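Report on the structure
Residue-level listing of the chains:
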Amino acid sequence: MELCKEWMRYLGASDATVFATGDPRQACDLYSSDYLGWVDNNRGNVEVELVERAAAVVAADGRRGLVFAGHGVSPFARVRADELGIAIFRFDAHGGTLDGVNPRGRELLANAPTQQI
């Protein structure tokens, strides 16, 4: 979770914070003044339900949604994220790498204020 917080900061969210109270998955795992973030480090693919839940929360909140996937992303979840404007990133916690999975994720990475993670 801390690593994903640092990646949010890399994307320009200097005030990124780990959600610390309640059930984070009901709201989000990470937040900043610009973004709400969800971290899925479970085995298997991120599925469409997480993307749709994130989209519903950010639609009501007004911030942009980010999903950090420790493993894969199902093709349907990727397409749905594109439709809903959710950025998806794949991360390797051991290697310290972050890649944009969909166009929104790649765009945010390409336009990050700093080019060092």
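Here, the structure is the one placed above.
Residues numbered from 1 in each chain as written. Predicted model: local features only at pLDDT ≥ 70, side-chain atom pairs only at ≥ 80, totals over all residues. Heavy atoms only, no water.

A few points about the pattern of salt bridges
When the charged atoms of two side chains lie near each other, side chains of opposite charge can form a pair. Considering all chains together, one arrives at five salt bridges under this definition. For the salt bridge of E2 with K5, the shortest nitrogen-to-oxygen distance reads 2.9 Å. Note that E2 and K5 are positioned in helix 1 (residues 2-10) at a spacing of three residues, about one turn of the helix. By relative accessible area, which is 47% here, E2 ends up partly exposed. Close ionic contact of R80 with E83 constitutes a salt bridge, the shortest N to O distance being 2.9 Å. With R80 and E83 both in helix 4 (residues 75-84), this residue pair falls three residues apart, about one helical turn. (Salt bridge = Lys/Arg side-chain N within 4 Å of Asp/Glu carboxyl O. Helix = DSSP H or I, 4+ residues; strand = E, 2+ residues; numbered from the N terminus. Buried < 20%, exposed > 50% of the residue type's maximum accessible area, 1.4 Å probe, protein only.)

Describing the pairing of strand 6 (residues 97-100)
Along strand 6, the buried face is formed by L98 and G100; none of T97 and D99, which line the opposite face, is buried. Between strand 5 (residues 87-92) and strand 6, which pair antiparallel one after the other, the connecting turn spans four residues, and G96 there sits at a positive phi close to 70°. (Pairing = 2+ DSSP bridges.)

Comments concerning the packing of aromatic side chains
Evaluated as defined, the whole model comprises two aromatic pairs. Aromatic side chains W7 and F91 sit 5.6 Å apart centroid to centroid with 50° between the ring planes, which places their arrangement in the tilted category. Separated by 84 residues along the polypeptide, W7 in helix 1 and F91 in strand 5 bring together distant segments of the chain. No difference in accessibility class separates W7 from F91, as the two residues are buried. (Phe/Tyr/Trp six-rings, centres within 6.5 Å; stacked < 30°, edge-to-face > 60°.)

Let's talk about the nonpolar core
Of all hydrophobic cores here, the largest spans 19 residues; its most connected members are M8, L11, L66, F68 and F89. Of all elements in the fold, only helix 1, strand 3 (35-40), strand 4 (64-69), strand 5 and helix 5 (103-110) reach the threshold of two or more residues within this core. Sorting elements by how many residues they give to this core places helix 1 first, with four residues. In this structure, L11 is in contact with Y35, L66, F89, L108, L109, A112 and P113, ignoring residues within four places of it in sequence. Listed in part, the 18 residues of the second largest apolar core include W38, V48, V51 and I86. (Core = buried A, V, L, I, M, F, W, Y, C linked by side-chain atoms within 4.5 Å. Contact = heavy atoms within 4.5 Å.)

Remember, this is a structural readout, not a statement about activity or role.
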